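Residue strings, one per chain:
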Amino acid sequence: MTTNLPKLQCLSERVFRVLGCNPGPATLQGTNTYLVGTGNRRILIDAGEGVLQYKDCMKQACLQLNCTIQEIIITHWHLDHCGGVADIRRFTNSLNLKVSKLPRVPFQEEPVEYGGGYTFLSHGDLITTEGATLRVLHTPGHTDDHMALLLEEEGAVLSGDCVLGETTAVFENLRDYMNSLKTILNLAPSLIYPGHGPVVKDAVGWLKNYITHREHREMQLLSAMQAEPSRSYTPSDLVSIVYTDIPNNLVKLAIVNVHQHLKKLEEEGKIVKDEGGKQEQWRCRL
Ligand SMILES: [Zn+2]
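Rules behind the numbers
Residues numbered from 1 in each chain as written. Predicted model: local features only at pLDDT ≥ 70, side-chain atom pairs only at ≥ 80, totals over all residues. Helix = DSSP H or I, 4+ residues; strand = E, 2+ residues; numbered from the N terminus. Rg over C-alpha atoms; globule rule 2.2 N^0.38 Å. Buried ≥ 20, exposed ≤ 12 C-beta atoms within 10 Å, placed from the backbone. Contact = placed C-beta atoms within 7 Å. Core = buried A, V, L, I, M, F, W, Y, C linked by C-beta atoms within 7 Å. Axes fitted to C-alpha atoms, helices over the stretch in contact; angles between N-to-C directions. Parallel < 35°, antiparallel > 145°, perpendicular 65-115°, else oblique. Nonpolar A, V, L, I, M, F, W, Y, C, P; charged D, E, K, R; others polar. Pairing = 2+ DSSP bridges. Domains from an automatic or database assignment.

(A) Broad picture of the overall build of the chain. When helices and strands are counted, the chain shows seven helices and 14 strands. Computed over its C-alpha atoms, the radius of gyration of the chain comes to 20 Å, within 12% of the 19 Å expected for a compact globule of 286 residues. The principal-axis extent of the C-alpha atoms belonging to the chain is close to 65 × 35 × 35 Å. Among the 286 residues that make up the chain, the fraction classed as buried is 42%. Long-range contacts, defined here as pairs at least 24 residues apart, represent 60% of the contacts in the chain between residues at least 6 apart.

Below you can see the structure in the form of C-alpha cells.
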C-alpha cells in the first residue's frame, strides 16, 4: 500500500510537488515533479511521463504560484521522468525551453520522442533561480546518467530514483548505486524529495536503511555460498536459498537483484565466475 499524495502540494517555501498522474506498480503514486524557487520563474525537476492530466495539473500549479517555468532538469532518461517534456514545452509556448540532464555513460543520443534537444550538465554544476541554488550530483546506479540535486538553501536532496519515499529502489549497477547512496549520505541531507513517494523526513536514517538492507543481502549471499564453497550458484539458486518468503510475482525481480549482487562481488574479487556452465554462475574464491 502506498500513502495517498495530493496531485499538487506545497512542501516548503521553495519546493512545490506536482504529481505526474501516472500511478502504477513501478511508479508508486506516480512520478514526483518539483517546481523549485520562490520567484515568478521556477525550475521544474522532471516532467512526468506525458499524461494529459499532468499538463493540466502543471497549469494549475503555475497559476497558484503565479509563476512560469524557467527551465527543466531531468534526473535520468527513464520515460516516467522525461516523457512530459514536449507537453511542457507546448504549454509554456516555448519550444526553446531549456531542458538539461547529465549525458548517458558511455555517451549515446537521447531519443527525440522523449523530449530531446537537451543541454548536458556535469557533476558539480550549479543551477540557480530566485530563492534556490541547485548543485548537480552524478549518482549513477539506477541508471548511468542519474542525477540527484542538492538544494543548498535547505540542505535537502532531490534524489530522483536513487532513493524513493517508500520501498526500495531498483538499480542497473549495484556497485555504482551503493557509492551513490554514500555520496548522498555524506551530505547529511535535512530532507529527501524523492522521484516517487512522500518526502523523507529522516533522510539520514532512511539512507542508512537502504545501505544496510543491501549490505545484509550481500552477507546472506556470501554465507550461503560459503556453506558449500566448491559449488557454483546461479542467481536463481541463491534466490531460493536466501529469499525464503517472497511472493511469486517478485521472484523475477529478486533474481535480477541477486545477479547485480554477484556481479559486484565478482568485481570486488570476493567470488569468481564459473565459465563452465550453460548459465551464468559463480562460486566462492577458494
Ligand atoms: Zn522513476
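(B) Local environment of the nonpolar core. In this structure, Val36, Ile72 and Leu149 are the most contacted members of the largest nonpolar core, which totals 55 residues. Beyond its immediate stretch of four places on either side in the chain, Ile72 contacts Leu44, Ala47, Val85, Ile88, Leu97 and Val99.

(C) How the structure looks around the environment of Tyr118. Relative to the helices and strands, Tyr118 resides in the loop between β6 (99-101) and β7 (119-120). In this structure Tyr118 comes out as buried when scored by C-beta crowding, with 20 C-beta atoms within 10 Å. Filtering out sequence-adjacent residues up to four positions away, Tyr118 remains in contact with Val99, Ser100, Lys101 and Glu110.

(D) Local environment of unusual backbone geometry. In this structure, the amide linkage connecting Val105 to the following residue, Pro106, adopts the cis form with an omega of -5 degrees. One can find Pro106 in the loop between β6 and β7. Although it is not a glycine, Leu28 sits at a positive phi angle of roughly 55 degrees. With respect to the helices and strands, Leu28 occurs in the loop between β2 (15-19) and β3 (32-36).

(E) View of the packing of helix α5 (residues 203-227) against helix α6 (residues 235-242). Two numbers describe how α5 lies on α6: the axes approach to 10 Å, and their chain directions differ by 105 degrees. Viewed along their axes, α5 and α6 adopt a mutual orientation that is roughly perpendicular. Where α5 approaches α6, its residues Gln220, Leu221 and Ala224 are matched on the opposing element by Leu238, Ile241 and Val242. Grouping the amino acids of the contact of α5 with α6 by side-chain chemistry returns five nonpolar, one polar and no charged.

(F) Here's a closer look at the sheet that holds strand β10 (residues 147-151). Here we have five strands laid out as an open sheet, ordered β8-β9-β10-β11-β12, and mixed in their pairing. Two strands in the sheet have a free side with no partner beyond their single neighbour: β8 (126-129) and β12 (192-194). Pairwise comparison of adjacent strand axes, ignoring direction, gives a mean angle of 25 degrees for this sheet. The pairing of strand β9 (residues 132-138) with β10 spans five bridges and is classified as antiparallel.

(G) Broad picture of the domain arrangement of the chain. When its domains are assigned, the chain resolves into domain 1 (8-201) and domain 2 (211-284). The C-alpha centroid of domain 2 is placed 33 Å from the C-alpha centroid of domain 1. At the interface, six residues of domain 1 touch seven residues of domain 2.

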